[in-house]
There are 2 protein chains.
Amino acid sequence: MANYLQENQNRFIHELIDWLRIPSVSADPKFHGDVLQAADFLKQRLEEIGVDNVELCQTAGNPIVYGEKLLDPALPTVLVYGHYDVQPADPYELWDSPPFEPVIKDEKIYARGACDDKGQVYMHVKAFEVMQQQGGVPCNVKFMIEGEEEIGSNNLAIFVKNNKEKLKADVILISDTGILANDLPSIEVGLRGLSYHEVEVTGPNRDLHSGLYGGAVANPINVLCKMIASLHDEDNHITIPGFYDNVAMLSAEERAELNRVPHSDEEFKQSIGLPATYGEAGYTTVERTGIRPTLDVNGIWGGYTGEGAKTVIASKAFAKISMRLVPNQTSDEITALFQRHFESIAPEGVTVQVRPHHGGEPVVTPTDSVAYQAAAQAMETTFGKRPVPTRGGGSIPIVAMFKSELGIDSVLFGFGLDSDAIHSPNEHYGVFNFLKGIETIPLFYQNYAALEKAK
Amino acid sequence: MANYLQENQNRFIHELIDWLRIPSVSADPKFHGDVLQAADFLKQRLEEIGVDNVELCQTAGNPIVYGEKLLDPALPTVLVYGHYDVQPADPYELWDSPPFEPVIKDEKIYARGACDDKGQVYMHVKAFEVMQQQGGVPCNVKFMIEGEEEIGSNNLAIFVKNNKEKLKADVILISDTGILANDLPSIEVGLRGLSYHEVEVTGPNRDLHSGLYGGAVANPINVLCKMIASLHDEDNHITIPGFYDNVAMLSAEERAELNRVPHSDEEFKQSIGLPATYGEAGYTTVERTGIRPTLDVNGIWGGYTGEGAKTVIASKAFAKISMRLVPNQTSDEITALFQRHFESIAPEGVTVQVRPHHGGEPVVTPTDSVAYQAAAQAMETTFGKRPVPTRGGGSIPIVAMFKSELGIDSVLFGFGLDSDAIHSPNEHYGVFNFLKGIETIPLFYQNYAALEKAK
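Residues numbered from 1 in each chain as written. Chains lettered and ligands numbered in written order. Predicted model: local features only at pLDDT ≥ 70, side-chain atom pairs only at ≥ 80, totals over all residues. Heavy atoms only, no water.

(A) Geometry of the overall build of chain A. Counting its regular elements, chain A contains 13 helices and 18 strands. By the compact-globule yardstick of 23 Å for 455 residues, chain A fits well, its C-alpha radius of gyration being 23 Å. The proportion of buried residues among the 455 residues of chain A is 63%. Counting only carbon and sulfur atoms, one obtains 49% of the accessible surface of chain A, whose full area is about 16,200 Å². (Helix = DSSP H or I, 4+ residues; strand = E, 2+ residues; numbered from the N terminus. Rg over C-alpha atoms; globule rule 2.2 N^0.38 Å. Buried < 20%, exposed > 50% of the residue type's maximum accessible area, 1.4 Å probe, protein only. Areas by Shrake-Rupley, 256 points an atom, 1.4 Å probe, with all protein chains shown as cover.)

(B) Seen up close, helix α11 (residues 370-383) of chain A. Residues and elements named next belong to chain A. Taking 1.5 Å of rise per residue, the 14 residues of α11 would be expected to cover 20 Å, and the 20 Å separating its terminal C-alpha atoms lies within 8% of that figure. Within α11 the residues assigned to the buried category are A371, Y372, A374, A375, A376, A378, M379, T382 and F383. Packed against the buried residues of α11 are β7 (171-174), β8 (186-191), β16 (388-391), β17 (410-412) and α13 (431-454). (Expected span 1.5 Å × (residues − 1). Contact = heavy atoms within 4.5 Å.)

(C) Summary view of the UniProt feature "domain: Peptidase M20 dimerisation" (unreviewed entry) in chain A. According to UniProt, the feature "domain: Peptidase M20 dimerisation" (unreviewed entry) maps to residues 198-349 of chain A in the numbering used here. The span residues 198-349 of chain A is 32% helix and 19% strand, and its two end C-alpha atoms sit 20 Å from each other. (UniProt positions renumbered as here; feature names shortened; annotations may be inferred.)

(D) Layout of the packing of aromatic side chains. The tally for this structure, following the rule as stated, stands at 30 aromatic pairs over all chains. Seen from their ring centres, W301(B) and F318(B) are 5.3 Å apart, and the 10 degrees between their planes marks the pair as stacked. Taken together, the positions of W301(B) in strand β11 (residues 294-303) and F318(B) in strand β13 (residues 316-325) put the pair 17 residues apart, joining distant regions of the chain. Judged by relative accessible area, F318(B) falls into the buried class, the value being 17%. Ring pairs connect the aromatic residues F383(A), F413(A), F415(A), F432(A), F444(A), Y445(A) and Y448(A), which therefore count as one cluster. In this structure, R45(A) is placed above the aromatic ring of F41(A), and the distance from its NZ or CZ to the ring centre is 4.5 Å. In this structure, K436(A) packs its charged tip against the face of F383(A), placed 5.4 Å from the ring centre. (Phe/Tyr/Trp six-rings, centres within 6.5 Å; stacked < 30°, edge-to-face > 60°. Lys NZ or Arg CZ within 6 Å of the ring centre and 35° of its normal.)

(E) A look at the pairing of strand β1 (residues 52-57) of chain A. Residues and elements named next belong to chain A. As judged from the four bridges shared by β1 and strand β2 (residues 64-69), these two strands associate in the antiparallel manner. What sits directly across from L56, in β2, is V65. Once β1 ends, the chain turns through six residues before running back antiparallel as β2. (Pairing = 2+ DSSP bridges.)

(F) A look at the pattern of salt bridges. Residues and elements named next belong to chain A. Enumeration according to the criterion identifies 51 salt bridges over all chains in this entry. Residue E15 is joined to R11 by a salt bridge in which the shortest nitrogen-to-oxygen separation is 2.9 Å. Of this pair, E15 and R11 both sit in helix α1 (residues 2-20), separated by four residues, roughly a single helical turn. Residue classification places E15 among the buried positions, given a relative accessible area of 13%. Across the pair K164 and E405 runs a salt bridge, and its minimum N-O distance is 3.3 Å. Residue K164 is found in the loop between α4 (154-162) and β7, and its partner E405 is found in helix α12 (residues 397-406); the two are separated by 241 residues along the sequence. Exposure remark for E405: the relative accessible area of 21% places this residue in the partly exposed category. Taken together, the shared-partner salt bridges in this structure form one network comprising E198, E200, K316, K320 and R355. (Salt bridge = Lys/Arg side-chain N within 4 Å of Asp/Glu carboxyl O.)

(G) Summary view of the interface of chain B and chain A. Opposite the 87 residues of chain B that make contact, chain A presents 87 residues. Summed over both partners, the interface of chain B with chain A buries about 7,500 Å², with 55% contributed by carbon and sulfur atoms. Counting across the interface, chain B meets chain A through 38 residue pairs in polar contact (both at pLDDT 80 or more). No other element matches β11(B), which puts 10 residues into the side of chain B that touches chain A. Residue composition of the side of chain B that touches chain A, grouped by class: 34 nonpolar, 36 polar and 17 charged. As paired elements, strand β11 (residues 294-303) of chain A and β11(B) share five bridges and run antiparallel to each other. In the sheet register, W301(A) faces β11(B), and the bridge partner there is W301(B). (Buried area = accessible area lost by both parts, 1.4 Å probe. Polar contact = N/O pair within 3.5 Å; in protein donor to acceptor, adjacent residues only side chain to side chain. Nonpolar A, V, L, I, M, F, W, Y, C, P; charged D, E, K, R; others polar.)

(H) Seen up close, the domain arrangement of chain A. Residue and element names in this part refer to chain A. Per the domain assignment, the segments of chain A are domain 1 (2-191 + 362-454) and domain 2 (193-247 + 293-360). Just the C-alpha atoms count here: the centres of domain 1 and domain 2 sit 35 Å apart. Contact with domain 1, which involves 11 residues of that partner, is made by 10 residues of domain 2. Regarding the contact of domain 1 and domain 2, the summed buried area is about 700 Å², with carbon and sulfur atoms giving 62% of it. Viewed at the interface, domain 2 and domain 1 are joined by zero salt bridges. Residues belonging to the side of domain 1 that touches domain 2 are distributed by class as follows: five nonpolar, four polar and two charged. (Domains from an automatic or database assignment.)

(I) Structural view of the relation of the copies chain B and chain A. Screw-axis analysis of chain B against chain A gives a translation of 0.0 Å along the axis, an RMSD of 0.1 Å, and a rotation angle of 180 degrees. Such a combination of turn and shift is consistent with a two-fold rotation axis. When the interface residues of chain B are mapped onto chain A, 100% of them again lie at the interface, so the same face is used by both copies. (Least-squares fit on C-alpha atoms with pLDDT ≥ 70 in both.)

(J) Main features of the sheet that holds strand β5 (residues 108-110) of chain A. All names here are of chain A. Here three strands make up an open sheet; going across it, the order is β4-β5-β18 and the pairing antiparallel. In this open sheet, the two edge strands, each paired with only one partner strand, are β4 (103-105) and β18 (428-430). If you compare each strand with its neighbour and ignore which way they point, the axes differ by 25 degrees on average. In terms of strand pairing, β5 meets β18 through three bridges, oriented antiparallel. Looking at the pairing, K108 lines up with G430 of β18. Those strands touched by α13 are β4, β5 and β18, and its axis lies near 60 degrees from that of β18. (Axes fitted to C-alpha atoms, helices over the stretch in contact; angles between N-to-C directions.)

(K) Broad picture of the pairing of β2(A). All names here are of chain A. Counting buried positions along β2 gives six out of six residues, so the element sits mostly inside the fold. Of the pairings in the sheet, the one linking β2 to strand β6 (residues 140-146) comprises five bridges and is antiparallel in character. Note on β6: the bridge partner recorded for G67 is F143.

(L) Examining the packing of helix α3 (residues 118-133) of chain B against helix α13 (residues 431-454) of chain B more closely. Residues and elements named next belong to chain B. At a minimum axis separation of 8 Å, α3 and α13 run at an interaxial angle of 55 degrees. Comparing the axis directions of α3 and α13 gives the class oblique. The way α3 lies across α13 gives a crossing that is right-handed. Taken together, the residues of α13 that come into contact with α3 (itself represented by G119, Y122, M123, H124, K126, A127, V130 and M131) are N433, F434, G437, I438, I441, P442 and Y445. Among the residues making up the contact of α3 with α13, the classes are represented as 10 nonpolar, four polar and one charged. (Parallel < 35°, antiparallel > 145°, perpendicular 65-115°, else oblique. Left-handed = near helix turned anticlockwise from the far one by under 90°.)

(M) Expanded view of unusual backbone geometry. With an omega of 0 degrees, the peptide bond running from D116(B) to D117(B) counts as cis. Mapped onto the elements of the fold, D117(B) is located in the loop between β5 (108-110) and α3. Cis rather than trans, the peptide bond between P327(B) and N328(B) has omega equal to 0 degrees. Here N328(B) shows up in the loop between β13 and α10 (331-344). With a phi close to 55 degrees, A421(A) is a non-glycine residue in the positive phi region. Within the fold, A421(A) resides in the loop between β17 and β18.

(N) Representation of the side chain of R45(A). With respect to the helices and strands, R45(A) occurs in helix α2 (residues 32-48). Among all residues touching R45(A), those that are not within four sequence positions of it are E15(A), Y122(A) and V125(A).

(O) Local environment of the sheet that holds β11(B). Read across the sheet, eight strands follow the order β14(A)-β9(A)-β13(A)-β11(A)-β11(B)-β13(B)-β9(B)-β14(B) without closing on themselves; strand pairing throughout is antiparallel. Two strands bound the open sheet, and with one partner strand each, they are β14 (351-360) of chain A together with β14 (351-360) of chain B. The average angle at which neighbouring strand axes cross in this sheet is 25 degrees, direction not considered. Of the strand pairs in this sheet, strand β9 (residues 193-202) of chain A and strand β13 (residues 316-325) of chain A are connected by 10 bridges, and their pairing is antiparallel. The partner of E200(A) across the bridge, within β13(A), is F318(A). Lying on the sheet, α10(B) is in contact with β9 (193-202), β11, β13 and β14 of chain B; it crosses β14(B) at an angle near 165 degrees.

Pasting the structure below:
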């Protein structure tokens, strides 16, 4: 198998680069045409390698690319999920090379989506090609690659509800997460949920001169800052009443196990250039990002932000505020708590609007399943080390939705690194990681088919 | 005198409108050409009406338009100060008509700069024309109209220091303030100073994924909000140590006198669409805007502010923060206090930069001067009511600078209204106010010449 991969790896890389050139940003309507082009590009690649019935499934939003290879009902079926849409790339000026003009530097592919998630999806496409070229795929395979993961996967949820028969499978394989290091394989078994909001604080009915009115009107920006500041106490606990009610506390043993993952606060601080760690009192960095919920402002704006000085009191101030959730919080529950609380703390003299964006549920995936064992063995073979189970801080809302709608567990078979700067300027994906994925995925299929057969 | 004004008032209005079409925004370099054009427009209008030695005095920034009419050393000399630059007009989308395409609606001229300060400056230009046409100006006159008032007048200060002989005068006449109402004339005798800063909070060395890092790093936006919130206590007192040390407390009598100016909190709230007044505990609205210092955020930005959702922790967050000062605070003193305090409250894990913009000194002008009496009598004649002395909340740093550099007092002979929305969308200036100014200013010159002679 290695041979075919080695012989074709340059072509694989450059096919990915062609895909990365298409700015498939789902959050911004002006890229809609590019999103469709990226979907069509994937459809063609899947057809080329022998995937059957490839189609662009229309939704109320961006199409879902679906394809399948159904060999034998007796074989287990693997449903591969991923997404071809990418995060917005701004601020563009912070990129060393344009986000949609991919370059390879120091053995890394630099581009928006290089890792999240086009690069990782394309590992599965090329792994399929490798298997086809070298004896065929040992399982039935279904591909379902969506175009709205970065904006909440709302239409995918509807698609799944309406296509339960079509999507029948034994396991869902997802590469949209990472490993601890290139010499330290790991598999995420926990993901945080998400509750994301845009808030709008309105004060006076127009922008006012800060000299004539300053001191006598509630300044919406000052008020918004005060409201946001009040959402954490001095121990960095979140102050929203009821916020922690459903948080599943881990046992001392579970916390000890969790903290056994290789982690260095020193390296963590160095990697992001900070002199100190920070966060909820009483928890380690691993716990703060893995098993504890958070609240972060993702964006804020209001008043005069141009060059120079303008002495204005703005009529409105805005912020985007999101919370990461952990079992057993639910997105709906936290969204309601946040909305009620944030509106309740508005002082007299301003009005507050909370507009919930998308949400996602936290999830924990089993480590005792056949599929997890197949994945762990595959990584052990290609990395020469047994992977560590980890609890990731990110959210893939779809994983919980698959479980509830289809009753299927997922394996989070990601090959990225925390340092890949996904969602940031200079996002990149290691050539090593891309090729290692293509090498490892076929082993998963082999192991999975064998273990299922042996059951 | 009324005749010539009545016969020519439409021409006067349309000359002003032509001037307002030029977007002389000093804060934004992209309007530099327009700023120069606005200066040249004024130079030509002054030459047309017989002002002598009109010149564009070059500075390190925008030119100062200077001109004079020196009739007789025995006559008192009036120095007219104003500015031809305007505030930025954004957000453009909130204007009912484009800010630089003036329209007359309901007897008001709508345009950026209509009141602040082109409209009020142009009253002096046309008042001079009226006097010339009807027996001549009874005093020596000097015009000094600058182009950087909205960005701090730094170059004017240098110009004044270097031209004390040229600028010798007995009084400075400035129309850049307002009256309480069109049937309630007033003259501002107090102005607040200004200390304006841009602050930058830096956390991680790049934007981070809020899922992978959320909970374990200091989020610069959350931190900035917390720092800003801490600048006021629950009584809306400013918490910067030493901030109030030099604030001149008024006597009970002075406060009573001050609160005697006609003011209705109900009308105040209605005019800006707020259900409640707001501000420092223990002071009335009139006091909060007149004799008390303030701290307002004029702008804030950071993270993702585009459409949709981006789950990012920004590397940096920014705000523009300004303080209004009252006697005997000084801009340098407060700037130093703010900078030291704001840097001192930065939590570990972030770095803070404070960049002071421009400042200005608070000032109180005398009400017992000949010039003030001449102005009050002129208004009494044209409004049929004696004007009330008021303490305005705005800042005209130049007034304190004139006093210290030239030793000359100013008369703040403004005809605007608080409702003119200066610094806001839909800035406008009443045709009544524009013409009333042109009618009243010549009476000031008559009264002033007569009173000086009688001394």
